[in-house]
Amino acid sequence: MIAVAEVPAFPFERPPLAPPVALDQIRRNEPLKKVRLWNGADAWIVVRHDDFRAILADNRFSVNPLHPGYPNVSEARASLMLKEEPTLVRLDPPEHTALRRMLAKEFTPSRMLALRASVQETVDRLIADMLEKGPPADFYHDFALPIPSVVISQMLGVPYDDHHFFQDRGSKKLAFNAHPDVPLKAAAEMRDYMDRLITEKERKPGDDLVTRLLHDQIQPGHLSREEAVRLCEFLLVAGHETTANMIALGTLSLLLDREQYDCLIADPSLSGRAIEEMLRFHSIVQYGLSRVATEDVDINGQVIRAGDGVISLINAANWDPSAHPDPDRFDIRKKRSMHVAFGFGVHQCLGQPLARLEMDVVFATLPNRMPTLDLAVAAKDIEFKQDALVYGVERLPVTWQTGGGQAQ
Amino acid sequence: MKVIADLNICIGAGQCVVNAPDFFAQDDDTGLVVAPIGDLPEARREEIEMAIYACPTRALSLSE
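Residues numbered from 1 in each chain as written. Chains lettered and ligands numbered in written order. Predicted model: local features only at pLDDT ≥ 70, side-chain atom pairs only at ≥ 80, totals over all residues.

A. A look at the overall build of chain B. Within chain B, the secondary structure is distributed over 2 helices and 4 strands. Element order for chain B, N to C, with α for helix and β for strand: β-α-β-β-α-β. The principal-axis extent of the C-alpha atoms belonging to chain B is close to 30 × 20 × 20 Å. Relative to its full complement of 64 residues, chain B shows a buried share of 38%. (Helix = DSSP H or I, 4+ residues; strand = E, 2+ residues; numbered from the N terminus. Buried ≥ 20, exposed ≤ 12 C-beta atoms within 10 Å, placed from the backbone.)

B. Representation of the environment of P327 of chain A within the structure. Residue and element names in this part refer to chain A. Tracing the chain through its elements places P327 in the loop between α14 (314–318) and α15 (352–369). When the C-alpha positions of P327 and R280 are compared, they lie 8.9 Å apart, and in sequence the two are 47 residues distant. Not counting the four nearest positions on each side in its chain, P327 is found in contact with W319, D320 and P321. (Contact = placed C-beta atoms within 7 Å.)

C. Geometry of the packing of helix α10 (residues 209–218) of chain A against helix α11 (residues 225–256) of chain A. All names here are of chain A. Running from N to C, α10 and α11 cross one another at 150°; their axes reach a closest spacing of 11 Å. On the basis of the axis angle, α10 is roughly antiparallel to α11. α11 is crossed by α10, and the crossing has right-handed handedness. Touching V210, L213, Q217 and I218 of α10 are R225, A228 and C232, all from α11. Counted by class, the contact of α10 with α11 contains 5 nonpolar, 1 polar and 1 charged residues. (Axes fitted to C-alpha atoms, helices over the stretch in contact; angles between N-to-C directions. Parallel < 35°, antiparallel > 145°, perpendicular 65-115°, else oblique. Left-handed = near helix turned anticlockwise from the far one by under 90°. Nonpolar A, V, L, I, M, F, W, Y, C, P; charged D, E, K, R; others polar.)

D. Structural view of the interface of chain A and chain B. Between chain A and chain B, the contact holds 16 residues from the first and 15 residues from the second. For the side of chain A that touches chain B, the elements supplying multiple residues, two or more each, are α4 (95–104) and α5 (109–133) of chain A. In terms of residue count, α4 of chain A provides more of the side of chain A that touches chain B than any other element does, 4 residues in total.

E. Region of interest: the pairing of strand β2 (residues 42–46) of chain A. All names here are of chain A. Along β2, 4 of the 5 residues are buried, which leaves the element largely enclosed by surrounding structure. Judged from the 5 bridges that link them, strand β1 (residues 32–36) and β2 form a sheet pairing that is antiparallel. Residue pairing in the sheet places K33 in a bridge with I45 of β2. Hairpin remark: β1 followed by β2, antiparallel, with 5 residues in the connecting loop; positive phi at G40, about 90°. (Pairing = 2+ DSSP bridges.)

F. Examining unusual backbone geometry more closely. Note that the residue after F10 of chain A, namely P11 of chain A, is joined by a cis bond; omega there is 0°. The linkage connecting P135 of chain A with the following residue, P136 of chain A, adopts the cis geometry, with an omega of -5°. Secondary-structure assignment places P136 of chain A in the loop between α5 and β4 (137–138). One non-glycine residue, S283 of chain A, lies in the positive phi region at around 35°. Non-glycine residue R58 of chain B carries a positive phi angle of around 55°. By the secondary structure assignment, R58 of chain B is in the loop between α2 (45–54) and β4 (60–63).

G. View of the sheet that holds strand β9 (residues 374–375) of chain A. All names here are of chain A. Overall, antiparallel pairing links the 3 strands, which are arranged β4-β10-β9 in an open sheet. Whereas interior strands pair on both sides, the edge strands pair on one side only; in this sheet they are β4 and β9. When β9 meets strand β10 (residues 397–399), the two strands line up antiparallel, connected through 2 bridges. The residue bridging L375 from the neighbouring strand is V398, located in β10.

Listed below in structure tokens is the structure:
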């Protein structure tokens, strides 16, 4: 009788503030491992930092979910992937390249520099609002979520007054275990919304990304209106949900090790390094990046066959001790090597300069303005998102001392 | 030591600029890389190599 190696079910259970424990053993014993998905299909998971970079930079792996063998990580995700027309993140070159290049100029260093003052203003205003209202506060809904929501609204030219709508649909679109109709319906409603917004921009142009896309791409015929709607809808969701979770989780990690929060009070210029450690440690895109091999590919002696699904796990790569010694130690003071929290290859996060800008302003500002900020509940009582592609807290109750100790 | 940039591959992810801002820039009109021209200082090799390593599409290479 032939021994059959057990194929574990994916995804694995995880502790609240670390990747699944199972990934450590897999990384040591069998760095490319087959796992079984919800629908009975098998796929490879990639857990080593070097393999992660190699696979995501290799154009023999396709990102198109319509390609047979593409690994969908849950039924809700499959529903969205298979029934939606693909855009930016689900297209391979050269279609992808054309779309990406339409957007590259929106995220250059000079654009980010021009945005910095208004990001600072938003952060200052939200801190002032929390201080004025007094403790306690829900740091997630009162601060972490509004920041990227305001910023992406301004950038795209979306009225911030509609934030309840787009935040709700955004989080439904990224649901993991929901009924398969939930993300589809949310995405359809977001598209209707964006379609109306583009119509509005035709009548009343603004100094914003949607107007520029309309004038530079849609009207000259480089981009269809339907494609533009999908692209803008994607940017709106990608632009707020992710950064909001990072701001909240990053703050949580600092508050769980007070000394590190105090480091940022003493030296706000540490912010730049601190945010990289937050991105690495939390690696919030928790179910990885799906690809499918379009031909046989040898990765360190293991042949991945054409049609095999491959899931490159960001959290596993960012906790690979060969790239990041003591990966479980969150330490903003330590100089670490490059992480892959934003992915790698042609689909590496488009908005990362914006995410970095927002996080940098937050962590250079918040500790000094709220030096006594603290959790208002025990760490074990913090609720984490259990049903989301992008990990985060449900809410983050915080408190602070009023009067004497507070810088105003 | 010189840097060669392949503009057919560059997508303007800007990682070179993050890692070696003194040597790389992004074109404001296209977002694509503006690579340094000519010989680069040996003393700065580490950050230039880091910029090349960081490029997600491997559009940059070194010519000795």
